[in-house]
Amino acid sequence: MLYESTRGNYRRVSAAEAVKLGISPDGGLFVPSENVVFDRKMLLDMVNLDYRERAYLILKEYLDDYSEEEIRECVKLAYNTESFDSPYFAPVHRLNDSLYILELWHGPTCAFKDMALQILPHLLTKAAVKTGEKSTIVILVATSGDTGKAALEGFKDVPGTRIIVFYPEQGVSEVQKLQMITQEGGNVAVVAVRGNFDDAQSGVKKIFADEGYNLDLQKSNYRLSSANSINWGRLAPQIVYYFSAYLDLAAKNVISIGDKINFVVPTGNFGNILAAYYAKEMGLPVNRLICAANSNNVLTDFIRTGIYNRSRNFVKTISPSMDILISSNLERLLYHLAGRDPARVRQWMADLNGTGSYQVDAPTRDKLQEILWSDYADDRETIETIRSVYQINGYIMDTHTAVGMKVYEKYTGATGDTAKTVVASTASPFKFNESVVKAILGDEATRGKDEFELLQVLSKASGSDIPPGLKDLDRKPVLHKTSTARDNMAEVVKNILLDI
Ligand SMILES: *Cc1c(COP(=O)(O)O)cnc(C)c1O
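Residues numbered from 1 in each chain as written. Predicted model: local features only at pLDDT ≥ 70, side-chain atom pairs only at ≥ 80, totals over all residues. Heavy atoms only, no water.

(A) Up close: the side chain of Thr382. Turning to its location among the elements, Thr382 is positioned in helix 17 (residues 379-393). With relative accessibility at 1%, the residue Thr382 sits in the buried group. (Helix = DSSP H or I, 4+ residues; strand = E, 2+ residues; numbered from the N terminus. Buried < 20%, exposed > 50% of the residue type's maximum accessible area, 1.4 Å probe, protein only.)

Right, here's the structure in full:
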C-alpha cells in the first residue's frame, strides 16, 4: 500500500514514510492510494475476536510494510490494562434499545486521543528504523489541552524518542496544566509559553520550517517530527474502534452482520469522524455519519451548503476540544469525494488561505450529504442534555459527548430514522467535571469549589472512582517549571536537547 498526497505534488510513499513524515512536503495530507475492503465473511470472522486481534487485522492492511510481528507488538504495547482501565479498551455501553455509547476515554488521560496516541509512538519508532533513520526522533507539540498530555503519556520512555510540549501559560485548565507539569519520564519536557495557543502553535511551526535550524539539530543526531492528528499513524488506529463497536453489537445479537447503523461523532479537527468514513468505505455497514458540532458550527454549515467559511467569531464553549474553525482532516475527505483530484483540492485550499472560504461543486456537495448529516448544540443544550440523560438513564456523560447526544436527537427529529445508533463518547465526565456537576447537581454544587474538590463531588454522585490519571494531581511533585517568551522557543528546544 502506497500513500499519495492530497495536493498531488509529491511522490507516493510507503506507510512507514507517511508515518515518519506526518504531513506531505507539498503541504498535502497522505491518503492510502488503494481502497481496503472487508467483506461480509471477514466481518463474521471478526465477531468473536478481541480488540487487539481486530486492530491487528485492520492495521496490517494499511501498514503493509510493517511485519506481522511488528504490528502485533505495537498493538500489545498500546492496548493493555496497565494503560487502560477497561479490558475492552473501547467498550460499548447500552443507553436504550436503539442508542449505544462507544466509550473512547478509558486510556491514561481520559480522552479519546489516547486511542491513537498510545500506539503512534511505537508505529513511529518502527517507521524510523525501516526508513534508515539513525537520529533520535524529537516530537514537538503545541497544545491547547488534551493533545499535549496524551502525547506525553504515549511517548514517555519510548526508546529513540524525545518529546517537548509547549502550552499557553494562561490557556489551559488547572487540571490540564497539572497533568502536564507533573509528567514523569526520562525523555519528556514541558514548557509554558507566555502567550496564547496561537503563539505556541506559530512558534512550533516556525521551528519546523527553519531549514538551517533543522540541519544544526541533525548534526547532533536529532530529527524533529510531529504527532498531530493529520498523521496517518493517528488515523488508522481510529478506524479500529468503529469496527469494534459494530462487531460488539453483533456479538450481543443487537444487530446481525449486514445491518446498517449510524455513528454520531463530536467533531473538531475532523480526525475522529474521518476514521469512521474510512470504516464505511471499507465495507462496514454504516447508514449515516452524523457530524456533531458545538457553536463553532463551521462544519454544519459546510455539510448543509457546500460552502466552508471560517470567517466568523470564534466561540469559547464548555466543549473546548471542539472549538476549532479550521478542520484540517477535512482535506482528506474532499480529496476522496472529488474522485482523487488534487487540482480541485489545491484550489479549495488556496481559496481557504486567501479569502477564508471555499465552495465545493454540486456533485461533491451531493456526495458529502449522502454520507454525512450535521447539526450543532450550544452550551445551554449541552448542559440540559447531560442533565436529562442522567435523570432518564442514570448515565453521566461529558460535555463533548452531550453535544453528540443532542445532535442525535435533532437528527431523529428531522429524519425519523430509527436505525441503531452509536454515539462516540470522546472524554470521561471527570475531565470536564465543573460543567458536568453543574448539570447533574445544579449550580449550587460547584460554588466555591476548585476542580479537585469537584472530582470528589462527581465521584460521590456517580459512584465511580476518580480515574487514576486525574487523581491526586494536586499532590504530585511539579517536575517542569520552564517558561519562555514566544520568540525564544527555538532556543529552548536546543537547550533541552543539548542539555545546556
Ligand atoms: C480532540 C477531541 C475532539 C475532536 O476530535 P477531532 O478528531 O479533532 O474531530 C472531541 N472531543 C474531545 C474530548 C477531544 O479531545
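There's plenty left to go through after this.
(B) View of the packing of helix 3 (residues 51-62) against helix 4 (residues 68-78). Here helix 3 crosses helix 4 at 135°, and the two axes come no closer than 10 Å. As far as their axial angle goes, helix 4 and helix 3 are oblique. By crossing handedness, the relation of helix 3 to helix 4 is classed as right-handed. Side by side, helix 3 and helix 4 meet where Arg52, Glu53, Ala55, Tyr56, Leu59 and Lys60 of the first sit next to Glu68, Ile71, Arg72, Val75 and Lys76 of the second. Class assignment of the residues belonging to the contact of helix 3 with helix 4 gives a composition of five nonpolar, no polar and six charged. (Axes fitted to C-alpha atoms, helices over the stretch in contact; angles between N-to-C directions. Parallel < 35°, antiparallel > 145°, perpendicular 65-115°, else oblique. Left-handed = near helix turned anticlockwise from the far one by under 90°. Contact = heavy atoms within 4.5 Å. Nonpolar A, V, L, I, M, F, W, Y, C, P; charged D, E, K, R; others polar.)

(C) Focus on unusual backbone geometry. Residues other than glycine seldom take positive phi values, yet Cys110 does so here, at roughly 70°. Relative to the helices and strands, Cys110 resides in the loop between strand 5 (99-103) and helix 5 (113-117). The backbone of Asp157 shows a phi angle near 60°, a positive value even though the residue is not glycine. Residue placement: Asp157 occurs in the loop between helix 7 (146-155) and strand 7 (161-168).

(D) A look at the packing of aromatic side chains. The full count for this structure, using the stated rule, is 18 aromatic pairs. Ring geometry for Trp232 and Tyr278: centres 5.2 Å apart, planes at 85°, overall edge-to-face. With Trp232 in helix 11 (residues 232-251) and Tyr278 in helix 12 (residues 271-281), this residue pair connects regions lying 46 residues apart in the sequence. Owing to a relative accessible area of 5%, Tyr278 belongs among the buried residues under this scheme. A ring pair is formed by Tyr308 and Tyr358, whose centres lie 5.4 Å apart and whose planes are at 0°; its orientation type is stacked. Taken together, the residues span a long stretch of sequence, with Tyr308 in strand 12 (residues 307-309) and Tyr358 in strand 13 (residues 357-359) at a distance of 50 residues. We note that Tyr308, like Tyr358, is buried. Members of the aromatic cluster, each reached through a chain of ring pairs, are Tyr3, Tyr62, Trp232, Tyr277 and Tyr278. The ring centre of Tyr56 lies 3.8 Å from the NZ or CZ of Arg72, which sits over that ring. Geometry around Tyr376 places Lys410 over its ring, the cationic atom sitting 5.5 Å from the centre. (Phe/Tyr/Trp six-rings, centres within 6.5 Å; stacked < 30°, edge-to-face > 60°. Lys NZ or Arg CZ within 6 Å of the ring centre and 35° of its normal.)

(E) Looking closely at the sheet that holds strand 1 (residues 2-5). An order of 2-1-3 is seen for the three strands of this open sheet, with the pairing classed as antiparallel. In the strand order of this sheet, the two ends are held by strand 2 (13-14) and strand 3 (30-32), each with one partner. Two strands pair when backbone bridges link them, and strand 1 and strand 3 are joined in this way by three bridges, in the antiparallel orientation. By the bridge assignment for strand 3, Tyr3 is matched with Pro32. Sitting on the sheet, helix 14 (residues 330-337) is in contact with strand 1 and strand 3, with an inclination near 45° to strand 3. (Pairing = 2+ DSSP bridges.)

(F) Summary view of the site of the ligand. Taken together, 15 residues are adjacent to the ligand, and Lys113, Gly268, Asn269, Asn272 and Thr426 come closest. Here Asp146 contributes a side-chain N or O atom positioned 3.1 Å from an oxygen atom of the ligand. Here an oxygen atom of the ligand sits 2.7 Å away from a polar atom, N or O, in the main chain of Asn269. The protein chains hide 96% of the 380 Å² of surface that the ligand would expose on its own. Among the residues forming the shell around the ligand, the class breakdown is five nonpolar, eight polar and two charged. (Near = heavy atom within 4 Å. Polar contact = N/O pair within 3.5 Å; in protein donor to acceptor, adjacent residues only side chain to side chain. Areas by Shrake-Rupley, 256 points an atom, 1.4 Å probe, with all protein chains shown as cover.)

(G) Just helix 4, in detail. Residues Ile71, Cys74, Val75 and Ala78 constitute the buried set of helix 4. Down the axis of helix 4, the buried side of the element spans an arc of 95°, and every buried residue falls inside it. Those residues of helix 4 that are exposed and angled more than 90 degrees off the buried face are Glu69 and Lys76. Packing partners of the buried residues in helix 4 comprise helix 3 and helix 6 (120-130). (Arc of directions from axis to C-beta.)

(H) Region of the structure containing the sheet that holds strand 11 (residues 286-293). The six strands are arranged 4-5-15-10-11-14 in an open sheet whose pairing can be described as mixed. Since the sheet does not close on itself, it has two edges, and those belong to strand 4 (92-96) and strand 14 (372-376), each with one partner. Taking each pair of neighbouring strands and ignoring which way they run, the sheet shows an average axis angle of 25°. By the bridge criterion, five bridges tie strand 10 (residues 261-266) to strand 11 in an arrangement that is parallel. From the neighbouring strand, Pro266 faces strand 11, where its bridge partner is Ala292. Helix 12 contacts strand 10, strand 11, strand 14 and strand 15 (421-425) of the sheet and is inclined by roughly 170° relative to strand 11. The sheet strands contacting helix 16 (residues 362-371) are strand 11 and strand 14, and the helix crosses strand 14 at an angle near 75°.

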